[in-house]
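Next come the chains, spelled out residue by residue.
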Amino acid sequence: MPPSLPVRLRARLSRAAAPPREELIARHVRGRSFADVGCMWQIHGGIAFAAEAAGAVRVTGMDLMGQTPEYQAEHARRGSAVRFVQGDLHDESALAQLGAHEVVWCSGVLYHAPHPLLTLERLRSVTQKTLLLATETLPERPLARNVCVFAPRPGTHPTHTEAFDPARGYVNWYWGITPSALRAMLAATGFNIVEEHRTAFHTTVVALVNQTG
Ligand SMILES: C[S@@+](CC[C@H](N)C(=O)[O-])C[C@H]1O[C@@H](n2cnc3c(N)ncnc32)[C@H](O)[C@@H]1O
């Protein structure tokens with residue numbers, strides 16, 4: 001996929017036919033607590049606000065980034081009770097501030113994480129019931145399952161355009177994850193997938209916490 005395609009078109013190609021995220025969230029949050037981990041970049045808390053509007057009872061957004069002016073303006077416009085925690089989801093003290101929620105949404109984060117199993121373990125520690133996880137994925141490889149590609153080359157995914165640069169931390173795509181690898185990693189970290197939505201380059205799962213795990 002040529003990296004010169006406009007950003008919005010690339011995002012559409014990646015997510016085409018994925019369920020609208022607001023719809024998916026609305027199905028799970030009424031009367032439940034909800035957290036969006038990675039809530040800020042380009043969406044300014046929009047998913048947290050959508051969950052609140054859909055009837056979530058206690059809503060928290062978390063991100064490494066601070067609150068954007070757009071987030072603050074929307075928070076004020078809605079008279080929203082959404083709480084924001086700035087911090088790294090891998091950091092125990094930031095996670096303690098976030099606290100456990102019945103439903104956790106995490107989109108666009110996993111492939112930016114150097115240690116995705118650790119990331120899933122951290123998400124598991126704050127998820128009481130349901131994890132809604134959305135991530136860019138690579139197509140399955142012939143004759144191989146559970147493949148993750150370290151530092152995939154730009155162009156191997158329609159929205160991936162920048163070469164790996166160790167100095168840029170989480171901005172990097174550390175991993176190109178195939179759907180089978182995602183399923184295996186979720187199972188290994190205490191989740192049972194009950195629903196999966198896949199397009200060529202994007203996967204969204206609904207996963208329940210495995211109470212015996
Ligand atoms: C690619 S953006 C995705 C934004 C949004 N969730 C979406 O799907 O459109 C990744 C977001 O996660 C945040 N993020 C990345 N790594 C994080 C971490 N370790 N802890 C908390 N937030 C993180 C980034 O700052 C950014 O806001």
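Read on for an overview of the structure. (Residues numbered from 1 in each chain as written. Predicted model: local features only at pLDDT ≥ 70, side-chain atom pairs only at ≥ 80, totals over all residues.)

### A closer look at the nonpolar core
Note the cut-off: By convention in this section, buried Ala, Val, Leu, Ile, Met, Phe, Trp, Tyr and Cys residues joined through C-beta atoms within 7 Å make up a nonpolar core. Backbone-placed C-beta atoms define the burial measure: a residue is buried with 20 or more other C-beta atoms within 10 Å of its own, exposed with 12 or fewer, and partly exposed in between. Runs of H or I in DSSP of at least four residues are treated as helices and runs of E of at least two as strands, each being numbered from the N terminus. A pair of residues counts as a contact when their C-beta atoms, built from backbone coordinates, are separated by no more than 7 Å.
Residues Val37, Ile47, Ala51, Val104 and Leu133 are the most contacted members of the largest nonpolar core, which totals 48 residues. If one sorts the elements of this core by residue count, helix H3 (residues 46-53) sits on top with five residues. In contact with Val37, other than residues within four places in its own chain, are Met62, Leu89, Val104, Cys106, Val109 and Leu123.

### A word on the sheet that holds strand E5 (residues 127-136)
To keep it simple, the criterion reads: In this scheme, strands are said to pair when DSSP sees at least two bridges between them. Convention adopted: a line fitted to C-alpha atoms gives each axis, helices being fitted over their contacting stretch, and angles between N-to-C directions are expressed from 0 to 180 degrees.
With respect to topology, seven strands assemble into an open sheet ordered E3-E2-E1-E4-E5-E9-E8, the strand pairing being mixed. Looking at the sheet topology across the chains shown, the edges are occupied by strand E3 (83-86) and strand E8 (191-199). On average, adjacent strands in this sheet sit at an angle of 15° to one another, irrespective of strand direction. When strand E2 (residues 58-63) meets E3, the two strands line up parallel, connected through four bridges. By the bridge assignment for E3, Thr60 is matched with Arg83. Strands strand E1 (33-37), E2 and strand E4 (101-107) of the sheet are contacted by H3, whose axis makes an angle of about 175° with E2.

### Considering the pairing of E8
As paired elements, E8 and strand E9 (residues 202-209) share eight bridges and run antiparallel to each other. Bridging from a neighbouring strand, Glu196 pairs with Val205 of E9. Between the end of E8 and the start of E9, which pair antiparallel, lie two residues.

### A look at the site of the ligand
Test applied: Being near a molecule or strand means, for a residue, that its backbone-placed C-beta atom lies within 6 Å of it. In this count, Pro and Cys sit with the nonpolar residues alongside Ala, Val, Leu, Ile, Met, Phe, Trp and Tyr, while Asp, Glu, Lys and Arg are called charged and the others, Gly among them, polar.
Taken together, 17 residues form the shell around the ligand, and within it Gly38, Trp41, Leu89, Ser107 and Gly108 come nearest. By residue class, the composition of the shell around the ligand is nine nonpolar, six polar and two charged.

### Things to note about the environment of Arg168
By the secondary structure assignment, Arg168 is in the loop between strand E6 (148-150) and strand E7 (175-177). Overall, Arg168 belongs to the exposed group, with 10 C-beta atoms counted inside 10 Å. Remark: the alpha-carbon pair of Arg168 and Gly99, spanning 69 residues in sequence, is separated by 28 Å.

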